Amino acid sequence: MGFLIETVFGGLMAGMLYALVALGFVLIFKASGVFNFAQGAMVLFAALAMARFSEWFPQWFGFESLILANVLALIASVACMIVVAWLVERLALRGLVNQPAITLLMATLGISYFLDGAGQLLFGSATYKIDVGLPKDPMFVLENTFPGGLLLNKEDLYSALIAALLVATLTLFFQKTRTGRALRAVADDHQAAQSIGIPLARIWVIVWAVGGVVALVAGIIWGSKLGVQFSISMVALKAFPVVILGGLTSVPGAIVGGLIIGVGEKLSEIYLGPTVGGGIENWFAYVLALGFLLVRPQGLFGDKIIDRV
């Protein structure tokens with residue numbers, strides 16, 4: 001029982017990180033109706049900015065404080081993602097207003113490749129370290145309940161708490177603020193939103209900037225765990241099944257989908273992997289997503305679209 005609980009807990013922690021990346025997809029889709037293929041590249045770009053700025057600032061200004069370096073790097077990285085959002089709207093999206101969704105989707109593919117190249121050109125292509133002080137040592141809990149206790153990773157626990165706090169904040173932002181309601185209106189119909197005075201250009205800059213901040217948080221967490229390298233953009237591939245499972249328009253769905261996939265792949269690897277030869281963790285999420293597409297294409301919490309003639 002103790003080993004099972006440890007496995008489930010590890011899956012929940014991984015699922016929160018998947019959900020954090022998936023949240024970027026959901027946010028931009030909710031506000032623009034576009035599936036943003038550039039989200040993985042945004043995670044890589046933001047993580048590179050954070051890693052390099054935290055290394056450069058102490059060299060430029062001659063101080064040794066890790067906290068000050070991380071604070072300045074965080075501010076500079078957020079500023080970078082806001083600039084990226086402004087450039088995306090000005091150079092790519094402004095000319096595509098009211099165009100078919102497939103046109104906007106192809107634009108995000110181009111943005112993805114551009115950010116991959118620009119990130120490595122500006123910040124380098126080696127493997128870099130992000131150290132924001134997350135504890136990496138494990139801890140034992142419930143030692144009186146289970147023999148030896150349960151072994152938990154503090155870094156995973158803190159990362160999950162950060163992700164949960166960010167998700168709660170964004171949920172309130174979308175549901176309770178005037179800007180959040182404007183974002184949802186733009187997603188429903190660009191032309192109708194413009195007709196009632198909602199500035200489409202400003203809304204797109206806001207949502208891409210928020211998506212960039214989410215990508216930055218995900219990049220910091222993944223970079224702290226694995227180091228910042230080109231393969232970090234591939235983390236977004238695991239977020240695709242999450243948004244399919246939870247629903248493209250649902251912030252809570254991204255969380256539930258991430259938790260289901262995180263726990264499911266860990267349990268399947270441990271208990272089914274030896275039977276099928278291992279490696280099930282790599283493809284479990286995609287098979288599950290395929291099954292949902294066949295049974296419930298809109299996902300668990302997605303909006304079901306009904307066209308009446």
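As the structure is a prediction and not an experimental result, all values here were calculated from the model.

**Some thoughts on the overall build of the chain**
Piece 1. A count of helical and extended segments in the chain gives twelve helices and two strands.
Piece 2. Starting at the N terminus and walking to the C terminus, you meet the elements of the chain as α-α-α-α-β-β-α-α-α-α-α-α-α-α.
Piece 3. Referenced to the eigenvectors of the C-alpha coordinate spread, the extents of the chain come out at roughly 65 × 60 × 35 Å.
Piece 4. In the chain, which comprises 309 residues, the proportion classed as buried is 48%.
Piece 5. Taking the average location of the 18 positive side-chain charges in the chain and that of its 17 negative ones, the two points are 11 Å from each other.

**Here we look at the nonpolar core**
Piece 1. One finds Leu20, Val21, Phe53, Trp208 and Trp222 to be the most contacted residues of the largest nonpolar core, which totals 91 residues.
Piece 2. The biggest single contributor to this core is helix H1 (residues 2–32), with 16 residues.
Piece 3. The residues touching Leu20, leaving out its near neighbours within four places in the chain, are Ala163, Leu166, Val214, Val217, Ala218 and Ile221.

**Topic: the pattern of salt bridges**
Piece 1. Evaluation of the coordinates by the stated rule reveals one salt bridge.
Piece 2. Arg52 is the salt-bridge partner of Glu55, the closest N and O atoms lying 2.9 Å from each other. One end of the pair, Glu55, and the other, Arg52, are both in helix H2 (residues 39–61), three residues apart, so they sit about a helical turn from each other.
Piece 3. Its relative accessible area of 12% is what places Arg52 among the buried residues.

**Looking at the packing of helix H9 (residues 235–246) against helix H12 (residues 280–295)**
Piece 1. Where H9 contacts H12, the two axes come as close as 9 Å, and the packing angle between them is 30 degrees. Considering their axes alone, H9 and H12 lie roughly parallel with respect to each other. Handedness of the H9/H12 crossing: left-handed. Across from Leu237, Lys238, Pro241, Ile244 and Leu245 in H9, the residues of H12 making contact are Glu281, Ala285, Tyr286, Leu288, Ala289, Phe292 and Leu293.
Piece 2. Of the residues belonging to the contact of H9 with H12, the class tally is ten nonpolar, no polar and two charged.

**Section: the packing of aromatic side chains**
A ring pair, where both rings are aromatic, is described by two values, the distance of the centres and the angle of the planes.
Piece 1. Across all of its chains, the model carries eleven aromatic pairs by this definition.
Piece 2. Ring centres 5.6 Å apart and planes at 80 degrees place the aromatic pair Phe37 and Phe240 in the edge-to-face group. With Phe37 in the loop between H1 and H2 and Phe240 in helix H9, this pair connects stretches of sequence that are 203 residues apart.
Piece 3. Arranged with centres 5.6 Å apart and planes meeting at 25 degrees, the rings of Trp56 and Trp60 form a pair that is stacked. Of this pair, Trp56 and Trp60 both sit in helix H2, separated by four residues, roughly a single helical turn.
Piece 4. Here a set of aromatic residues connected by ring pairs shows up, and it is made of Phe45, Phe53, Trp56, Phe57, Trp60, Phe61 and Phe123.

**Structural notes on a nonpolar patch on the surface**
Piece 1. Taken together, the side chains of Phe230, Met234, Leu237, Val276, Trp283, Tyr286 and Val287 present a nonpolar region at the surface, about 660 Å² in accessible area.
Piece 2. Top element by residues in the nonpolar patch is H12. It accounts for three residues.
Piece 3. Among the secondary structure elements, Tyr286 is positioned in helix H12.

**A look at the packing of H2 against helix H3 (residues 66–93)**
Piece 1. Where H2 contacts H3, the two axes come as close as 8 Å, and the packing angle between them is 140 degrees. On the basis of the axis angle, H2 is oblique to H3. Considering the relative orientation of H2 and H3, their crossing is right-handed. The segment H2 lies against H3, with Met42, Phe45, Ala46, Ala49, Met50, Phe53, Ser54, Phe57 and Pro58 engaging Ala69, Asn70, Leu72, Ala73, Leu74, Ala76, Ser77, Cys80, Met81 and Val84.

**With respect to helix H8 (residues 200–226)**
Piece 1. Taking 1.5 Å of rise per residue, 27 residues should cover 39 Å, and H8 covers 38 Å from first to last C-alpha, within 8% of that figure.
Piece 2. Counting buried positions along H8 yields 21 of 27 residues, so the element is predominantly enclosed.

**Quick look at the environment of Trp56**
Piece 1. Given the relative accessible area of 17%, Trp56 is considered buried.
Piece 2. For the pair Trp56 and Ala69, spaced 13 residues apart in the sequence, the C-alpha separation amounts to 8.5 Å.
Piece 3. Trp56 has contacts with Leu122 and Phe123, leaving out every residue within four places of it along the chain.

**Let's talk about the pairing of strand S2 (residues 150–153)**
Piece 1. Residue alternation in S2 divides its side chains into a buried set, Leu150 and Leu152, and an unburied set, Leu151 and Asn153.
Piece 2. As judged from the four bridges shared by strand S1 (residues 138–141) and S2, these two strands associate in the antiparallel manner. Within S2, the residue paired with Phe140 across the bridge is Leu151.

**Side note on the environment of Phe230**
Piece 1. Mapped onto the elements of the fold, Phe230 is located in the loop between H8 and H9.
Piece 2. Judged by relative accessible area, which is 41%, Phe230 ranks as partly exposed.
Piece 3. Between the alpha carbons of Phe230 and Asp116 there is a distance of 8.3 Å; along the sequence they are 114 residues apart.
Piece 4. Contact partners of Phe230, with chain neighbours within four places excluded, come to Leu44, Asp116 and Gln120.

Thresholds applied
Residues numbered from 1 in each chain as written. Predicted model: local features only at pLDDT ≥ 70, side-chain atom pairs only at ≥ 80, totals over all residues. Heavy atoms only, no water. Helix = DSSP H or I, 4+ residues; strand = E, 2+ residues; numbered from the N terminus. Buried < 20%, exposed > 50% of the residue type's maximum accessible area, 1.4 Å probe, protein only. Lys, Arg positive; Asp, Glu negative; His and termini not counted. Charge placed at Lys NZ, Arg CZ, Asp CG, Glu CD. Core = buried A, V, L, I, M, F, W, Y, C linked by side-chain atoms within 4.5 Å. Contact = heavy atoms within 4.5 Å. Salt bridge = Lys/Arg side-chain N within 4 Å of Asp/Glu carboxyl O. Axes fitted to C-alpha atoms, helices over the stretch in contact; angles between N-to-C directions. Parallel < 35°, antiparallel > 145°, perpendicular 65-115°, else oblique. Left-handed = near helix turned anticlockwise from the far one by under 90°. Nonpolar A, V, L, I, M, F, W, Y, C, P; charged D, E, K, R; others polar. Phe/Tyr/Trp six-rings, centres within 6.5 Å; stacked < 30°, edge-to-face > 60°. Patch = residues over 30% accessible without salt bridge, like charges linked within 9 Å, V, L, I, M, F, W, Y side chains within 5 Å. Areas by Shrake-Rupley, 256 points an atom, 1.4 Å probe, with all protein chains shown as cover. Expected span 1.5 Å × (residues − 1). Pairing = 2+ DSSP bridges.

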